[in-house]
Amino acid sequence: MRASLLMSLRLPTPSLSLLPVSPLAADTLGPLIYLDTCNLRSRFDSFDSDGDGQLTLPEAAALLGHRAGAPALAASLSDGSGGGTPRVPWERLRDRVADAGRPVDGRVYPISGSLLLNFMGQGVMMPVLPLLARDAGLEAQGLGLVAGASALGRLLTNVPAASLADRLGRRPLLVAGPLLSCAGMAGFAACPASLPLFAGCNALAGVGGALTSAGAGLYLADISTPQNRSQTMAPLMTTALLGFAMGPALGGFVAEAHGLRAPFLLTSAGMFASSLAAAAFLPETMRRGEGGGREEGAGEQWAALGKIPAMQAINSVTFMTGVAQGASPVTSILFATETLMMSPAELGVMFTACVLAMAAVIQPATAYSDKSSRTRSDLILPGLALSAGALAMQPLCGGVAPFAALAVLRSVGDAAFVMPNVTPFIIDHTGEEKRAQALAMRNTTQDVGVLLGAVGMGIIATGVGVEQAMYATAAMQAATTGFFYLTTRGMDKDGERSGKES
């Protein structure tokens, strides 16, 4: 669904103040660069008094909002048609807006630098938490509960976090989120070994993660345009990958040298530094007066979003992403350490290899996503199928090398096809007024998946074996691939599926 407040019918002077302004807009086109082609044409038509597909210079200046430089820009867009009276054709305005919207906003870099510290902290604990839980005497089911606690914390926070981001702004969440995660990780380093305390610490870290995710997602959505959505997300994803590349190897070696609790101190320090960096370097991007003015509550927005086929499809993907993520500590990591006898350092090296491979493909993949004429759903599908195949083959591995190769292959598939397209897919198919809750829905479905994956696969692994839990995860991934394909057939890049969603 691309319906939004901007698609009203021929308002005489529709306000442009509802859209954020990029400091990198090359001219006074300003907020127009944030409109997709359909919404831009609707806006153009609302000023085209005679409906001939061309604007007079006064009409074009009104479309541009009568800002400084608008008359001169309107004149520069003219092609000299109209019997001596300069006019601005639709095609010329469309092309100029597309050109102005292609450069990526420079604000992606300070947010990426802040979150690099946050992701590096999370990466440190990836190979260590399952080993710490085992060292504390927890079975696979108990480890699943600890891993699921983080998802539960995020699950309970996603919707309130989206509402807070619309009321308080994005920056406060990017400061407070890492600070709460810092406290949770410090708890792992200091608290006695027990299931309730470990679960509580991970739940607190999950709450912080939900705040951070809501703030970061909306921050980037604020500054992205239809021409650069995937590329706007790319620096964030790249720095996240770099953080996870450095973190696991560092965590594994620190654990071997200084004990299983030492990496959590590093995690806590990294997240604290992330909070400080956000406070120091990230300007607010929320439009003043935007928050609190929603005509629909969160429940009504979720009900409307749930009826959109595109949202059903992409939420099945994010749910399965969460299932695989939650299942990993009680399936693939246990298989690697207890069947293949991989050490913490070897696990760290494998995680690092996965993330470095992802970092190598993410930038060209995002550029291709923005420029390609193929739909984002067509780009996502190969990654889903590749993930299902790799998950199904991993329990068949009899050695470290093929197991690690499949892990790297799956990571490359995610980075090349899935990761660059999920958030742009959501923004493409939802209006601005529902964007915060659409992203909260994405986060929530993923967190539900993490919770169910951790607990459910933990029960299966304890009851019938780790390999059987791995096969169950692969079967769910295959089912998700089929559902996504059937739901998105015929859907174009602007969200039309045999007619526009509304």
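Residues numbered from 1 in each chain as written. Predicted model: local features only at pLDDT ≥ 70, side-chain atom pairs only at ≥ 80, totals over all residues. Heavy atoms only, no water.

**Description of the overall build of the protein**
Stated precisely, the cut-off is as follows: Segments assigned H or I by DSSP are reported as helices when at least four residues long, segments assigned E as strands when at least two residues long, and all are numbered from the N terminus. For every residue, the accessible area obtained with a 1.4 Å probe (protein chains only) is divided by the maximum for its type, and the residue is called buried under 20%, exposed over 50%, and partly exposed between those limits. Contact definition: two residues touch when any of their heavy atoms are within 4.5 Å. For the area figures, the Shrake-Rupley method with a 1.4 Å probe applies, and any residue is considered shielded solely by the protein chains shown.
Across its full length, the protein carries 20 helices and two strands. Expressed as a percentage of the 502 residues in the protein, the buried residues total 57%. When contacts within the protein are restricted to residue pairs at least 6 apart in sequence, those whose partners lie at least 24 apart make up 82%. Only carbon and sulfur atoms are counted for the fraction: they give 65% of the accessible area of the protein, which is about 18700 Å².

**Thoughts on the packing of helix α14 (residues 332-339) against helix α20 (residues 466-488)**
The description of two helices packed together rests on the angle between their axes and the distance between the axes. The line we're drawing: To obtain each axis, a line is fitted to C-alpha atoms, and for helices this fit is confined to the stretch in contact; angles are then taken between N-to-C directions over 0 to 180 degrees. Throughout, the term roughly parallel applies to angles under 35 degrees, roughly antiparallel to angles over 145, roughly perpendicular to angles from 65 to 115, and oblique to all others. Crossing handedness follows the turn of the near helix against the far one: under a right angle anticlockwise gives a left-handed crossing, and clockwise gives a right-handed one. Under the scheme applied, nonpolar residues are Ala, Val, Leu, Ile, Met, Phe, Trp, Tyr, Cys and Pro; charged residues are Asp, Glu, Lys and Arg; polar residues are all the others, including Gly.
Following both chains from N to C, one finds α14 and α20 inclined at 150 degrees, their axes separated by 9 Å at the closest point. With respect to α20, the axis of α14 lies roughly antiparallel. Note that α14 runs across α20; the crossing there is left-handed. Contacts between α14 and α20 involve Ser-332, Leu-334, Phe-335 and Thr-339 from the first element and Val-466, Glu-467 and Met-470 from the second. Considered class by class, the residues forming the contact of α14 with α20 number four nonpolar, two polar and one charged.

**Things to note about the packing of aromatic side chains**
For clarity, the cut-off: Ring pairs are drawn from Phe, Tyr and Trp, using the six-membered ring of Trp, whenever the two centres fall within 6.5 Å, and their geometry is named by plane angle: stacked under 30 degrees, edge-to-face over 60, tilted for the rest.
Counted according to the given criterion, the structure contains five aromatic pairs. A connected cluster of aromatic rings, assembled from ring pairs, spans Phe-188, Phe-198 and Phe-264.

**Let's talk about the pattern of salt bridges**
The cut-off we apply is this: Each salt bridge in this description consists of a side-chain nitrogen of Lys or Arg and a carboxyl oxygen of Asp or Glu lying within 4 Å of one another.
Scanning the model with the defined rule gives 11 salt bridges in all. With a closest N to O distance of 2.4 Å, Arg-102 and Asp-99 form a salt bridge. Judged by relative accessible area, which is 45%, Arg-102 ranks as partly exposed. Looking at Asp-99, the relative accessible area reads 48%, which means it is partly exposed. Overlapping salt bridges, with partners in common, bring together Arg-229, Asp-370, Arg-376 and Asp-428 in one network.

**A short note on the UniProt feature "transmembrane region" (unreviewed entry) in the protein**
Put simply, the test is: UniProt positions are given in the numbering used here, feature names are shortened, and annotations may be inferred rather than shown by experiment.
Under the present numbering, the feature "transmembrane region" (unreviewed entry) in UniProt falls on residues 173-197, 203-221, 233-254, 260-282, 347-367, 379-401 and 448-464. Strand forms 0% of residues 203-221 and helix 100%; the C-alpha atoms that close the span are 27 Å apart. A helix fraction of 100% and a strand fraction of 0% characterise residues 448-464, whose end C-alpha atoms lie 23 Å from each other.

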